[in-house]
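Structure at a glance
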Amino acid sequence: MSQAEVLTDEQGMRLALAQAHAAAEAGEVPVGAVVVKDGQVIATGRNAPIASHDPTAHAEVVALREAARLVGNYRLDGCTLYVTLEPCAMCSGAMLHARLDRVVFGATDPRTGAAGSVLNLFAHAQLNHQTQVTGGVLADECAQLLKDFFKPRRLNPEPLREDALRTPEAAFADLPGYPWPARYLNDLPSIPGLRMHCLDEGPSDAPLTWLCLHGNPAWSYLYRKMIPVWLAAGHRVVAPDLIGFGKSDKPKKDSFHSFDTHRQSLLDLIERLDLQRVVLVVQDWGGILGLTLPMVTPQRYKGLLVMNTTLATGDLPLSAGFLAWREWCKSQPQFDVGKLFKRGNRDLSEAEVAAYNAPFPDPGFRAALRAFPPMVPEFVDSPGAAISQQAESFWRNDWQGQSLMAIGVQDPVLGEPVMRRLQSQIRACPEPMRLPHAGHFVQEQGEEIAQAAVRHFAP
Ligand SMILES: [Zn+2]
């Protein structure tokens, strides 16, 4: 025996483990192998089926190929292969073809091991004349590496769909007037694989639940001045961010967005949280979608608080104000969201303006901003128009709850004329509250509306 041959099995396995670590860093299942001849490593291999698009790229096969190329012979007489995991049938077969002297493996593989766990190719005298097998060398260390690799993936409950983006949490740090923790729903059947953010504060058995629905291009931040009033009254507040907005996931493609998908995601949310004693709070798209919800489960609702919005039934031409807005969005695809809020609400601080921009760190996040304006049902056969017509009939004839309407009078798009029409469509809707200085985003002056609503709806 020459000096060079004194490589212990443990030393050989350590070299294989180094290859396994390298595989893990490359995002592959961490299995590593080395081929040793006369005490010298002549080839290394690490698991690489993903990167190489090769189902045979197991660590052992990679190492065997390199070794055979090096010695210029497919027969690897006098060689020992060290591998961190019990070889599978394919690799065991390759080793037998290579006529290795020895195979030394680390952890056993109860799922696919072919050196004793599931089957034992090496034990068949018809197949194997020469290769000896030793298992269990540094087995714990080899197994732990695999466990560590799979653990974070198995435990990650909120994977992100490949066709969607997620605004980093850091974008929402320290928002003024919005101290509430993020809560997420990732199991709504209408939006598989997408995570919806939903502010949910106050007791679940509260006498009232204020379900606050925002529109385009806002998010639940818009309700920050109303939420504290309702929480102080001992009520529950639920304020989701529509998919594509706020802290919710953002599909990359405009074509994801449809009236039906967004409507169904809200219906799913209401079922999932089993909301009861609801006062539906809506404005803008929050109403275009939200006003079609109560007819599905009217028993869940006690009231309606409705601010600048409409029922888009498609049977009247869209207002000139809306058409101008739609055209503006199209011509200014990179418009500054925060600036838009500031335009109608001069008192907004820079930090508040930034909070409205926070969901959209770059243009890739803006699919919903592009998709929503053209999605407003324009004709009686537009997607969403038929369901809005059914909703109109519900509000006119079947609505049993209380209603309160608040109008931001300065709104050029969904202002007083539109709202007066809506009032006439809602059964027993009393004379609206008028906010002469409020614009489209009425909630920015929402504190007094919230207080009036507590008096109006509180049981
Ligand atoms: Zn294999």
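Structural notes, computed from the coordinates. These figures come from a predicted structure and were not determined experimentally.

**Quick look at the sheet that holds strand S10 (residues 236–240)**
- An order of S7-S8-S10-S9-S12-S13-S14-S15 is seen for the 8 strands of this open sheet, with the pairing classed as mixed. This sheet does not close on itself; its edge strands, each paired only once, are strand S7 (184–185) and strand S15 (433–435).
- As judged from the 3 bridges shared by strand S9 (residues 209–213) and S10, these two strands associate in the parallel manner. Paired with leucine 211 across the two strands is valine 238, which belongs to S10.
- Set on the sheet, helix H7 (residues 259–273) makes contact with S7, strand S8 (196–201) and S10; between it and S8 the angle comes to about 40°.

**Focus on the environment of alanine 20**
- Tracing the backbone shows alanine 20 in helix H1 (residues 9–25).
- Alanine 20 gets classed as buried once you count the C-beta atoms within 10 Å, which come to 28.
- Along the backbone, alanine 20 and proline 383 are 363 residues apart, and their C-alpha atoms lie at a distance of 54 Å.
- With residues up to four places along the chain from it excluded, the contact list for alanine 20 reads Pro30, Val31, Gly32, Arg46, Thr84 and Leu145.

**Some words on the nonpolar core**
- Ranked by internal contacts, the top residues of the largest apolar core, which has 86 residues, are Leu280 and Val281.
- Those residues in contact with valine 281, other than ones at most four positions away along the chain, are Trp210, Leu211, Cys212, Leu213 and Leu305.
- In terms of nonpolar packing, the next biggest core, distinct from the first, is built from 43 residues, Leu17, Ala68, Tyr82 and Ala107 among them.

**Structural notes on the packing of helix H3 (residues 59–71) against helix H4 (residues 89–98)**
- Axis separation between H3 and H4 bottoms out at 9 Å; the angle between their running directions is 20°. The angle between H3 and H4 places the two elements in the roughly parallel class. Read as a crossing pair, H3 and H4 show a hand that is left-handed. Across from Glu60, Val61, Leu64 and Ala68 in H3, the residues of H4 making contact are Cys91, Ala94, Met95 and Ala98.

**Considerations on the packing of helix H10 (residues 337–344) against helix H11 (residues 350–357)**
- Between H10 and H11, the least distance of the axes is 7 Å, while the angle of their chain directions is 130°. With respect to their mutual orientation, H10 and H11 come out oblique. Of the two elements, H10 crosses H11, and the hand of that crossing is right-handed. Facing Val337, Gly338, Lys339, Phe341 and Lys342 of H10, the residues of H11 in contact are Val353, Ala354, Tyr356 and Asn357.
- Looking at side-chain class alone, the contact of H10 with H11 contains 5 nonpolar, 2 polar and 2 charged residues.

**Describing the sheet that holds strand S3 (residues 79–85)**
- In spatial order, the strands read S2-S1-S3-S4-S5; together these 5 strands make up an open sheet with mixed pairing. The sheet is open, and its two edges are formed by strand S2 (40–46) and strand S5 (132–134), each paired on a single side. The average undirected angle you get between the axes of adjacent strands in this sheet is 20°.
- Where strand S4 (residues 102–107) meets S5, 3 bridges bridge the pair, whose relative direction is parallel. Across the sheet, arginine 102 pairs through a bridge with glutamine 132, a residue of S5.

Cut-offs and rules
Residues numbered from 1 in each chain as written. Predicted model: local features only at pLDDT ≥ 70, side-chain atom pairs only at ≥ 80, totals over all residues. Pairing = 2+ DSSP bridges. Helix = DSSP H or I, 4+ residues; strand = E, 2+ residues; numbered from the N terminus. Contact = placed C-beta atoms within 7 Å. Axes fitted to C-alpha atoms, helices over the stretch in contact; angles between N-to-C directions. Buried ≥ 20, exposed ≤ 12 C-beta atoms within 10 Å, placed from the backbone. Core = buried A, V, L, I, M, F, W, Y, C linked by C-beta atoms within 7 Å. Parallel < 35°, antiparallel > 145°, perpendicular 65-115°, else oblique. Left-handed = near helix turned anticlockwise from the far one by under 90°. Nonpolar A, V, L, I, M, F, W, Y, C, P; charged D, E, K, R; others polar.

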